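# Residue-level structural notes
Listed here are the chains, written in short residue letters.
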Protein chains: 2
Amino acid sequence: MAIDKNSFVPPYYQLAQILEHQIKTGAYRPGEALPSEAELSEKYGLSRMTVRRSLSHLIRAGLIRAERGKGTFVSRPELDRAVFVMEEFHKDAAARGMAASSRLLEARLVPAPEKAAAMLQVRQGTKVLFVRRTLLTDGEPLAYDRKYLRYDQGRPILENELQYQAFPDILEKHAAALPMSSKMILKVTNLNEEEARALRTSPGSPAFLVEQFLLAADNRPVGWGWCLYRGDRYQLTSVTATI
Amino acid sequence: MAIDKNSFVPPYYQLAQILEHQIKTGAYRPGEALPSEAELSEKYGLSRMTVRRSLSHLIRAGLIRAERGKGTFVSRPELDRAVFVMEEFHKDAAARGMAASSRLLEARLVPAPEKAAAMLQVRQGTKVLFVRRTLLTDGEPLAYDRKYLRYDQGRPILENELQYQAFPDILEKHAAALPMSSKMILKVTNLNEEEARALRTSPGSPAFLVEQFLLAADNRPVGWGWCLYRGDRYQLTSVTATI
DNA sequence: AAGTGGTCTAGACCACGAT
DNA sequence: TCGTGGTCTAGACCACTTG
């Protein structure tokens with residue numbers, strides 16, 4: 001196996017593929033050392049920097065690990081480790097070839113209830129924006145989303161916006177501070193009466209519960225909410241690291 | 001802000017931090033272009049390769065994106081996207097400061113039932129290894145795991161091994177083909193009577209269901225199983241991309 | 001044609017581990 | 001001391017976008 005310098009595939013990527021193949025077919029077994037960077041450089045006629053680039057890819061993919069002063073070793077596959085990616089709703093639906101839409105159920109200023117006030121770090125009773133909506137794929141409810149947002153007074157929200165615009169765009173215009181990052185917690189729950197009605201399914205049926213914390217650039221809380229995904233219509237698939 | 005070449009923090013990382021800070025504080029806003037690589041190289045007294053290394057980090061973290069011939073631009077934060085990592089059971093428990101243990105309920109050769117035979121691509125009735133066990137943290141059941149594995153005849157399994165050894169080690173010794181990768185599907189369900197008994201909780205209570213497919217190097221199926229995590233004792237937290 | 005990012009090189013110095 | 005990976009440089013050529 002050699003590097004084809006006339007290929008459209010860059011040499012660093014060719015070498016990464018060669019090594020990946022050799023590892024996957026057992027030419028190098030878990031725990032074993034790969035040839036040193038200098039040896040690979042010599043063998044494949046590439047500069048050490050290019051060899052290192054190939055190795056970086058395999059390291060990021062979790063196939064190998066480098067130890068300074070010792071060498072580069074094949075990792076043991078972590079079979080019981082998995083990475084799940086929850087994509088943004090519209091993007092996810094599009095990827096599955098479904099028509100995504102959302103329905104606004106409620107959007108109004110309310111005095112912050114105790115829990116929301118604590119989460120948003122505002123005094124209880126402070127006016128905050130409360131939004132309820134359902135997310136639908138192919139016209140059928142998939143998720144039921146509820147959020148509290150710190151609200152910038154003086155810029156009224158038009159219902160139209162909430163109905164038709166992407167959520168981030170609305171935040172950009174109306175939130176007190178721009179959310180820059182989001183933290184989520186994934187739990188599981190059984191739907192109560194109200195939630196089941198919103199999702200047009202039966203009470204007690206299992207659902208994913210995604211609690212979301214929206215943070216501003218200074219890490220102060222901007223929004224807090226929770227979104228329920230119907231268990232019979234939603235699942236996550238583990239992603240495989242790619243070289 | 002400048003690079004301190006005497007610092008223990010390497011220059012490429014210092015520059016990545018500088019740029020990250022500027023982006024997060026709004027010096028460069030979403031959609032805007034960063035200075036070109038040549039300009040950054042000039043401004044910070046670093047070679048272009050080193051500047052590129054800093055930028056690669058920010059690209060991987062999703063903060064910026066590069067467009068050939070055009071420039072490097074600040075990305076819009078993807079607030080509704082999340083990445084959840086399910087760690088290997090023992091590692092996860094250790095990270096949470098809990099004592100992990102597992103209890104073998106059953107491990108025997110059985111004629112493959114229809115579903116398992118299809119999943120393992122063997123003829124129905126072929127002898128396969130069936131394993132049932134519970135995973136416990138601090139002595140309390142957290143998960144209930146059931147697996148079918150293609151079995152290599154002639155190497156008897158000692159119950160001791162299943163009880164006390166890490167699962168991958170057992171596979172390594174006794175499976176027909178070594179699993180090299182794993183694919184998982186994360187669902188949600190309500191526990192039936194048997195499952196609730198195994199998890200010492202009540203039937204109907206919500207749980208995560210993780211279906212697992214173990215694959216050999218040639219991508220042929222080696223194992224298939226499903227693991228239930230008690231909803232009241234397990235949740236996943238989104239991870240943040242780091243530079 | 002000029003500017004941008006994408007790739008590659010041949011060398012250098014460093015920190016660390018084994019001997 | 002020697003071999004290992006970790007970092008950095010100053011240049012080069014390329015493909016692509018824009019004017």
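Worth saying up front: this structure is predicted, and the values here are computed from it rather than measured.

The next subject is the relation of the copies chain A and chain B. Superposition record for chain A on chain B: RMSD 0.0 Å, screw rotation 180°, translation along axis 0.0 Å. In the structure described here, the two chain copies are related by an operation that fits a two-fold rotation axis. Residue F84(A) of chain A places its C-alpha closer to the rotation axis than any other residue of that unit, at 2.5 Å. Comparing interface residues between copies, 100% of those in chain A also sit at the interface in chain B, which points to an isologous, same-surface contact.

Time to look at the sheet that holds strand β8 (residues 206-216) of chain A. Within the open sheet, the 7 strands sit side by side as β4(A)-β5(A)-β6(A)-β9(A)-β8(A)-β7(A)-β10(B). Their pairing is antiparallel. Looking along the sheet, the strands with just one partner apiece sit at the ends: β4 (100-111) of chain A together with β10 (236-237) of chain B. Pairing of β8(A) with strand β9 (residues 221-230) of chain A, which is carried by 9 bridges, proceeds in the antiparallel orientation. Along β9(A), the bridge assignment pairs L209(A) with L228(A).

Before going further, it helps to spend a moment on the nonpolar core. F208(A), L228(A), Y229(A), F208(B), L228(B) and Y229(B) are the most contacted members of the largest nonpolar core, which totals 46 residues. Discounting residues that sit within four places of it in the chain, Y229(A) has contacts with L142(A), A143(A), A207(A), F208(A), V210(A) and Y234(A). Ranked by size, the runner-up nonpolar core spans 15 residues in total, among them Y12(A), L15(A), A16(A) and L40(A).

Near DNA strand D lie 22 residues; those nearest to it are G69(A), P10(B), P11(B), T50(B) and G69(B). Listing elements by their share of the surface near DNA strand D, those giving two or more residues are α2 (37-44), α3 (48-60) and β2 (71-74) of chain A together with α1 (11-24) and α3 (48-60) of chain B. Of the residues forming the surface near DNA strand D, the biggest block, 4 residues, is contributed by α3(B). Class assignment for the residues of the surface near DNA strand D results in 8 nonpolar, 7 polar and 7 charged.

In the numbering adopted here, UniProt assigns the feature "domain: HTH gntR-type" (unreviewed entry) to residues 9-77 of chain A. The distance from the first to the last C-alpha atom of residues 9-77 of chain A is 27 Å, and the span holds 51% helix and 12% strand.

Here we come to the interface of chain A and chain B. Counting from both sides, the interface comprises 40 residues of chain A and, opposite them, 41 residues of chain B. Contributing elements (two or more residues each) for the side of chain A that touches chain B: β3 (82-86), β7 (179-190), β8 and β10 (236-237) of chain A. Of the residues forming the side of chain A that touches chain B, the biggest block, 12 residues, is contributed by β7(A). A breakdown of the residues in the side of chain A that touches chain B according to their chemical character gives 21 nonpolar, 11 polar and 8 charged. Note that β10(A) and strand β7 (residues 179-190) of chain B share 2 bridges and pair antiparallel. When the bridges of β7(B) are listed, L236(A) appears paired with L186(B).

Reading guide: rules and limits
Residues numbered from 1 in each chain as written. Chains lettered and ligands numbered in written order. Predicted model: local features only at pLDDT ≥ 70, side-chain atom pairs only at ≥ 80, totals over all residues. Least-squares fit on C-alpha atoms with pLDDT ≥ 70 in both. Contact = placed C-beta atoms within 7 Å. Pairing = 2+ DSSP bridges. Helix = DSSP H or I, 4+ residues; strand = E, 2+ residues; numbered from the N terminus. Core = buried A, V, L, I, M, F, W, Y, C linked by C-beta atoms within 7 Å. Buried ≥ 20, exposed ≤ 12 C-beta atoms within 10 Å, placed from the backbone. Near = placed C-beta within 6 Å. Nonpolar A, V, L, I, M, F, W, Y, C, P; charged D, E, K, R; others polar. UniProt positions renumbered as here; feature names shortened; annotations may be inferred.

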